Amino acid sequence: MNIKLLFIITCILLSFTSSAQNRELAGLNFGVGVSLTHDTGNNGRIQEAFIDETGKVRIKKDQNDIARIMLESHYFFTTEKADPKAYSFFGMTPSHKWGHGPFIALQPGTDEIIEAIGLGWMVGFKKSDTESWNIGLGFVIDPSVKILGDDIEENQILPAGETQIRLKETSQGGFFLLASFTF
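Reading the values: rules and limits
- Residues numbered from 1 in each chain as written.
- Predicted model: local features only at pLDDT ≥ 70, side-chain atom pairs only at ≥ 80, totals over all residues.
- Heavy atoms only, no water.
- Helix = DSSP H or I, 4+ residues; strand = E, 2+ residues; numbered from the N terminus.
- Buried < 20%, exposed > 50% of the residue type's maximum accessible area, 1.4 Å probe, protein only.
- Contact = heavy atoms within 4.5 Å.
- Areas by Shrake-Rupley, 256 points an atom, 1.4 Å probe, with all protein chains shown as cover.
- Core = buried A, V, L, I, M, F, W, Y, C linked by side-chain atoms within 4.5 Å.
- Pairing = 2+ DSSP bridges.
- pLDDT = per-residue confidence, 0-100.

Trainee: What is the right way to read the overall build of the protein from this model?
Mentor: Of the regular secondary structure elements, the protein holds two helices and 10 strands. Taken from the N to the C terminus, the helices and strands of the protein come in the order α-β-β-β-β-β-β-α-β-β-β-β. The proportion of buried residues among the 183 residues of the protein is 32%. For the protein, restricting intrachain contacts to residue pairs at least 6 apart in sequence, the fraction spanning at least 24 positions comes to 66%. Taken as a whole, the protein presents about 11,400 Å² of accessible surface, with 59% of it coming from carbon and sulfur.

This is how it looks when you write it as structure tokens:
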């Protein structure tokens, strides 16, 4: 069922971003983007861990920097003032529009409906009615991150009575950079 819901949400959002018509809905715009998240949580995100021959916990694979595809919605405050230096830097002319404002982004998932959700501030450059490039910086929450269980530490022997590595699921946050496109 989660895959069906994910497919429906993705189709709805993509219909807003791939149409040649105006992509606004009550002032909101939609896009699909690529992001990079840097985890700022106190614990490493564990993908694989094992116990070595001396009985110490070793991390085989962790993932504290994550690249992902995200769906985003933003609201821009636009300006009509022309700054020739800014326009020439981005290869634009004063007839092109730009704006900035808040955005929300989410990463749909297969195991969970939402794998991550983030909020931040975005700047967008619109070359035409159908083409824009946006870049945003924000804070993201991952609600289902696997970390080492209580009292289990990397490069240490398991606590007395333990024979396996316990992982627990928690939420962690981080900063993320998002580049989204509409065409």
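Trainee: Is there a simple way to think about the nonpolar core in this case?
Mentor: Most often, soluble globular proteins keep nonpolar side chains buried together rather than apart. Residues M70, F76, F103, A105, A116, M122, V140, F176 and L178 constitute the largest nonpolar core, which totals nine residues. Broken down by secondary-structure element, the contributors of at least two residues to this core are strand 7 (97-108), strand 8 (114-126) and strand 10 (167-182). Ranked by size, the runner-up nonpolar core spans six residues in total, among them V57, I59, L148 and L158.

Trainee: Hey, could you run me through the pairing of strand 5 (residues 65-74) in this one?
Mentor: Sheet faces and side chains relate simply in a regular strand, where the side chains alternate between the two faces. Counting buried positions along strand 5 gives seven out of 10 residues, so the element sits mostly inside the fold. Bridge analysis of strand 2 (residues 28-39) against strand 5 gives 10 bridges, and the strand direction is antiparallel. The residue of strand 5 that forms the bridge with N29 is H74. As judged from the four bridges shared by strand 5 and strand 7, these two strands associate in the antiparallel manner. Residue pairing across strands places H74 opposite F103, the latter belonging to strand 7.

Trainee: I keep staring at the confidence of the model for the protein and nothing clicks. Help me out?
Mentor: Low pLDDT marks regions whose predicted coordinates should not be analysed in detail. Counting all residues, the mean pLDDT for the protein is 79, and 74% of those residues have values of 70 or more. Segment residues 13-23 is flagged for pLDDT under 50; beyond a separation of four residues in sequence, or across chains, it makes 23 contacts in the model.

Trainee: Looking at this model, I keep getting lost on the environment of I147. Mind explaining?
Mentor: Relative to the elements of secondary structure, I147 occurs in strand 9 (residues 132-148). Of the residues examined, I147 reaches a relative accessible area of 3% and is grouped as buried. The contact partners of I147, leaving out residues within four places of it in the chain, are N43, G44, I46, R166, L167, K168, T170 and Q172.

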